Amino acid sequence: MKGIVSFCCFVSLLVLTLADEEEVAQSNVLRDRSHIDETLRLAFDDTAADSYNAALQKLRKIYHTAIKPMEQAYKYNELRAHEISAYPGRTLGDGNTDGEITSKPMVLFLGPWSVGKSSMINYLLGLKDSPYQLYTGAEPTTSEFTVIMHGEKTRSIEGIVMAADSSRSFSPLEKFGQSFLEKLLGIEMPHKLLERVTFVDTPGIIENRKQQERGYPFNDVCQWFIDRADLIFVTFDPTKLDVGLELEMLFRQLKGRESQIRIILNKADNLATQDLMRVYGALFWSLAPLINVTEPPRVYVSSFWPYEYAPDTSRELFKREEISLLEDLNQVIENRLENKIAFIRQHAIRVRIHALLVDRYVQTFKDKMSYFSDPELVFKEIVDDPDKFFIFKSILAKTNVSKFDLPNREAYQDFFGVNPISTFKSLSSQCSYSGGCLLDKIEKAITSELPGLLSSINPTKPPPGLSSCEATGCGDKPKNRYRKN
């Protein structure tokens, strides 16, 4: 009898072992990736590459001839150093602008540790079992900011080299110190997708005091990448939905970038359908206080890694969600040139507003000065209370500038504390007989050149209303003293 029982136990154990081995074998089966190439159109030759490069060169020329001279004349970069909250989002002015213009769209991966960020990049690029696949594991594995970009051959680049290379757009990262550059890694490889986009993998958020002991300003570095990202994937694991102080800080940094944010509920095939619905609701409940917008970001529910979905899960749903995410990514890639032109035009409007404000400060200072006046006291009174002298109101009244586009008044106190008013000329004197006026050039770029460039690459959708000064905020122009009336 004991022998029969022992045999039955052995058979049962063998059946369970075989079942476990079959499940492991099934989980190790690689998933078909053909839909990735099809959705992202990687199999097609980019016939528009020449026209794209030609348009980029025109954009660079417009920037260097019409916008950059105004930046330099009125030290717009100095304002950016003091203006933290007026313009949330991507900005120019702290590094290699040519690199910013010619750079590929950047896709940033954020989220807690071990939620599948690195695995997702490996899956999208097909890096499984390759020498350069990103390391993954159940513990916190990514300690560096890893930039995956296109190159003629596969190689890794140290952060110090990336920051020193003026042809790239990463030179501003030097300001975060050598400790950070040691935690910055670049990987180049000849991949069709990387010809059109750059991926950035980030260290996972750890909800404890270790977050503050990284040795470099982690949140400031994240903000730098957030400001330059065209698409931001915030990834979650169904088993790691706790929202702590660090995650709250991250979403505060994402304020103003809601249109670029996509939420990913990864590893969804680890849960039964009913449990997945509960987790989906819990995720929204946790994030609702952090994303205060009318339309919440899109949430993708799937399992983004190279292996097959777990058995008895919503395979078709996960596949459709994955294709939707790929279409979203492809949309960013297809619109990369339009986005750059719109971004440069928005930047030009901000530079123009800054120049008009500095010009108004200069004119007010000259009007209030007399032979017996103390220049420092006179200008201190103007800077401390600009509303008394209608500095900002006069700009709104005469130039059709939106009040929501005006920088903070306090920023100009710091700005003029570093840059004396005597170092600036009025706009009317920023003209030459051969080169014309700086204000004329930047307004031409805003009203006609940049919209015209946008129309040339997308003739079916001409930008409405961009040809009038009323729509762009152009106003009274200072008289050109070199022009004969």
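These remarks concern the structure in this document. The structure displayed is predicted, hence computed values, not measured ones.

## As for the environment of I205
(1) Moving on: Along the chain, I205 turns up in the loop between β5 (198-201) and α9 (218-228).
(2) Moving on: Between the C-alpha atoms of I205 and W113, which are 92 residues apart in sequence, the distance is 5.6 Å.

## A short note on the packing of aromatic side chains
(1) Moving on: The full count for this structure, using the stated rule, is 26 aromatic pairs.
(2) Moving on: Ring centres 5.1 Å apart and planes at 75 degrees place the aromatic pair F415 and F416 in the edge-to-face group. F416 carries the same exposure label as F415, and that label is buried.
(3) Moving on: Here the aromatic rings of F416 and F424 are separated by 6.1 Å at their centres, their planes lie at 90 degrees, and the arrangement is edge-to-face.
(4) Moving on: By relative accessible area, F416 is classed as buried at 7%.
(5) Moving on: Members of the aromatic cluster, each reached through a chain of ring pairs, are Y74, Y361, F365, F379, F392, Y412, F415, F416 and F424.
(6) Moving on: Its end group placed over the ring of F424, K75 keeps NZ or CZ at 5.9 Å from the ring centre.

## Points about helix α11 (residues 273-287)
(1) Moving on: An ideal rise of 1.5 Å per residue puts 21 Å on 15 residues; α11 measures up with 21 Å between its terminal C-alpha atoms.
(2) Moving on: All buried positions along α11 are accounted for by L276, V279, L283 and L287. Projection of α11 onto a plane perpendicular to its axis shows the buried side chains occupying an angular sector of 60 degrees, all on one side. Seen from the buried face of α11, the exposed residues on the opposite side, beyond 90 degrees, are Q274, M277, R278 and W285.
(3) Moving on: Turning to α11, the residues buried within the fold contact β6 (231-236), α10 (245-253), β7 (261-265), β8 (298-301) and α12 (315-334).

## Digging into helix α16 (residues 409-418)
(1) Moving on: By the burial criterion, the buried members of α16 are A411, Y412, F415 and F416. Along the long axis of α16, the arc covered by the buried residues comes to 125 degrees, so they all point the same way. Relative to its buried face, α16 has exposed residues pointing more than 90 degrees away, namely E410 and G417.

## Description of the packing of helix α14 (residues 375-384) against α16
(1) Moving on: Two elements in contact, α14 and α16, have axes whose closest approach is 9 Å; the angle formed by their N-to-C orientations is 155 degrees. Viewed along their axes, α14 and α16 adopt a mutual orientation that is roughly antiparallel. Across the interface between the two elements, F379, V383 and D384 of α14 pack against Y412, Q413 and F416 of α16.
(2) Moving on: Looking at side-chain class alone, the contact of α14 with α16 contains 4 nonpolar, 1 polar and 1 charged residues.

## A closer look at the sheet that holds β5
In sheet architecture, strand pairing relies on hydrogen bonds along the backbone and comes in two forms, parallel and antiparallel.
(1) Moving on: Ordered in space as β3-β4-β2-β5-β1-β6-β7-β8, the 8 strands form an open sheet in which the pairing is mixed. The sheet is open, and its two edges are formed by β3 (155-158) and β8, each paired on a single side. For this sheet the average axis-to-axis angle between neighbouring strands, irrespective of direction, equals 20 degrees.
(2) Moving on: Across 4 bridges, the pairing between β3 and strand β4 (residues 184-189) is antiparallel. Looking at the pairing, I157 lines up with G186 of β4.
(3) Moving on: Strands β1 (106-110), β2 (145-150), β5, β6 and β7 of the sheet are contacted by helix α6 (residues 117-125), whose axis makes an angle of about 155 degrees with β5.

The rules we used
Residues numbered from 1 in each chain as written. Predicted model: local features only at pLDDT ≥ 70, side-chain atom pairs only at ≥ 80, totals over all residues. Heavy atoms only, no water. Helix = DSSP H or I, 4+ residues; strand = E, 2+ residues; numbered from the N terminus. Phe/Tyr/Trp six-rings, centres within 6.5 Å; stacked < 30°, edge-to-face > 60°. Buried < 20%, exposed > 50% of the residue type's maximum accessible area, 1.4 Å probe, protein only. Lys NZ or Arg CZ within 6 Å of the ring centre and 35° of its normal. Expected span 1.5 Å × (residues − 1). Arc of directions from axis to C-beta. Contact = heavy atoms within 4.5 Å. Axes fitted to C-alpha atoms, helices over the stretch in contact; angles between N-to-C directions. Parallel < 35°, antiparallel > 145°, perpendicular 65-115°, else oblique. Nonpolar A, V, L, I, M, F, W, Y, C, P; charged D, E, K, R; others polar. Pairing = 2+ DSSP bridges.

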